[in-house]
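Here is what each chain is made of, one letter per residue.
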Amino acid sequence: MKIASLTLPLLLIFMACGAKAKEGAAIPFHLNQDTQGPKLSPDQLSQQVESEIFDLTNQSRQNKKLASLASNETLEKIARGHSADMLRRKYLSHFSPEGKSVVDRTRKFYKELPRSLGENLHMIQGGEGLRDPKAIAGQMMEDWTRSASHRKNLMSKDFTQLGVGCESNGSQIYCTQVFSGGN
């Protein structure tokens, strides 16, 4: 493992989030979602948003003539676990309340860390419930694209794999993207 190659992505995480978990606040916007579609269970909603985010990420990369990211089941588990923890304990941070980062979460699954790691987070809540996976994923991608540090993760040539994990309770959804660049 090369420590130097992990420094920049992790530095961006530390700079963007600080070292302590904080309770997440809703982003001030009105989610323009289709309320006529079928009502999905929280698990169905989460799965569909994950799929949409994965596809939209690769579409964005292809639009910039970058290679698509491969799906990685282990990174999905890491991402889903972090989203579930944030939903359960009501915080939005790259660091758990105990100070654990994406590096710590990844170490549980890999003997050797990938040479590069990155993480994007988002939370959306809807007072009348969340129903539209396309609108949710589209809003998250739009917000990530507007942020320099999140966009850098989305468009990095250092990353080759992606895991997307979301967790919802029907009125909130937390989503995590974990990016890696091989071993």
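These numbers come from a predicted model, not from an experiment.

K.L.:
Requested: an account of the packing of helix 2 (residues 42-63) against helix 5 (residues 133-146), with residues and values cited.
P.N.:
Here helix 2 crosses helix 5 at 45°, and the two axes come no closer than 8 Å. Compared by their axis directions, helix 2 and helix 5 come out oblique. The way helix 2 lies across helix 5 gives a crossing that is right-handed. Contacts between helix 2 and helix 5 involve L45, Q48, V49, E52, I53, L56, T57 and S60 from the former and P133, K134, I136, A137, G138, M140, M141 and W144 from the latter. A class-by-class count of the residues in the contact of helix 2 with helix 5 yields ten nonpolar, four polar and two charged.

K.L.:
Could you give me a rundown of the pattern of salt bridges, with the residues and numbers involved?
P.N.:
Counted according to the given criterion, the structure contains eight salt bridges. Between D85 and R88 there is a salt bridge, with the nearest N and O atoms lying 3.1 Å from each other. On the criterion of helical spacing, the pair formed by D85 and R88 is a turn pair, its members being three residues apart in helix 3 (residues 73-89). Residue class for D85 comes out buried when judged on its relative accessible area of 12%. Linking E98 and R89 is a salt bridge whose minimum nitrogen-to-oxygen distance equals 2.8 Å. By relative accessible area, R89 is classed as partly exposed at 33%. Salt bridges linked by common partners bring D85, R88, R89 and E98 together as one network.

K.L.:
If you had to explain the sheet that holds strand 4 (residues 172-180) to someone new, which residues and values would you point to?
P.N.:
Spatially, 1-3-4-2 is the arrangement adopted by the four strands of the open sheet, whose pairing is mixed. Looking at the sheet topology across the chains shown, the edges are occupied by strand 1 (70-71) and strand 2 (117-125). Sitting on the sheet, helix 3 is in contact with strand 1, strand 2, strand 3 (161-168) and strand 4, with an inclination near 30° to strand 3.

K.L.:
Could you give me a rundown of the packing of aromatic side chains, with the residues and numbers involved?
P.N.:
Geometry of an aromatic ring pair is reported as the spacing of the ring centres plus the angle between the planes. The full count for this structure, using the stated rule, is one aromatic pair. Look at F159 and F179: their rings are 5.3 Å apart centre to centre, the planes differ by 25°, and that puts the pair in the stacked class. Remark: F179 occurs in strand 4 and F159 occurs in the loop between helix 6 (148-155) and strand 3; sequence separation between them is 20 residues. One exposure class covers both F159 and F179, and it is buried.

K.L.:
Run through the pairing of strand 2, naming residues and quoting values.
P.N.:
Judged by how many residues are buried, strand 2 sits mostly within the fold: eight of nine residues are covered. Where strand 2 meets strand 4, nine bridges bridge the pair, whose relative direction is antiparallel. The partner of L121 across the bridge, within strand 4, is T176.

K.L.:
Pulling in residues and values, what's your account of the environment of R115?
P.N.:
Locating R115 in the fold gives a position in the loop between helix 4 (102-107) and strand 2. Separated by 65 residues in the primary sequence, R115 and S180 place their C-alpha atoms 7.4 Å from one another. Side-chain polar atoms of R115 contact the backbone oxygen of G181, separated by 2.9 Å.

The rules behind these values
- As a convention, each chain's residues are numbered from 1 in the sequence order in which they are written.
- At least 70 in pLDDT is required for a residue's local features to be given in this predicted model, at least 80 for side-chain atom pairs to be given and counted, and no such filter applies to totals for whole chains, interfaces and linings, which use all residues.
- As a convention, hydrogens and water are excluded, and side-chain values are obtained from all of the structure's heavy atoms.
- All axes here are fitted lines through C-alpha atoms, helices being fitted over the stretch that makes contact, and every angle between N-to-C directions spans 0 to 180 degrees.
- Numbered from the N terminus, helices here are DSSP runs of H or I no shorter than four residues, and strands are runs of E no shorter than two.
- When describing relative orientation, an angle under 35 degrees is termed roughly parallel and one over 145 degrees roughly antiparallel, while 65 to 115 degrees is termed roughly perpendicular and anything else oblique.
- Throughout, a crossing is termed right-handed when the near helix is turned clockwise from the far one, and left-handed when it is turned anticlockwise from it by less than a right angle.
- For this analysis, residues touch if any pair of their heavy atoms sits within 4.5 Å.
- By the convention adopted, Pro, Cys, Tyr, Trp, Phe, Met, Ile, Leu, Val and Ala count as nonpolar, Lys, Arg, Asp and Glu as charged, and the other residues, Gly among them, as polar.
- By definition, a salt bridge exists where a carboxyl oxygen of Asp or Glu is found within 4 Å of a side-chain nitrogen of Lys or Arg.
- The buried label applies to any residue whose accessible area, calculated with a 1.4 Å probe on protein chains only, is under 20% of its type's maximum; exposed applies above 50%, and partly exposed to all values in between.
- Pairing between strands is defined by DSSP: at least two bridges between the two strands are required.
- Classification of ring pairs uses Phe, Tyr and Trp, with its six-membered ring standing for Trp, and accepts pairs whose centres are within 6.5 Å; under 30 degrees between planes counts as stacked, over 60 as edge-to-face, and the remaining range as tilted.
- The definition of a polar contact used here is a pair of N or O atoms within 3.5 Å, where within protein one atom must be able to donate a hydrogen and the other to accept one, and adjacent residues in sequence count solely through side-chain atom pairs.

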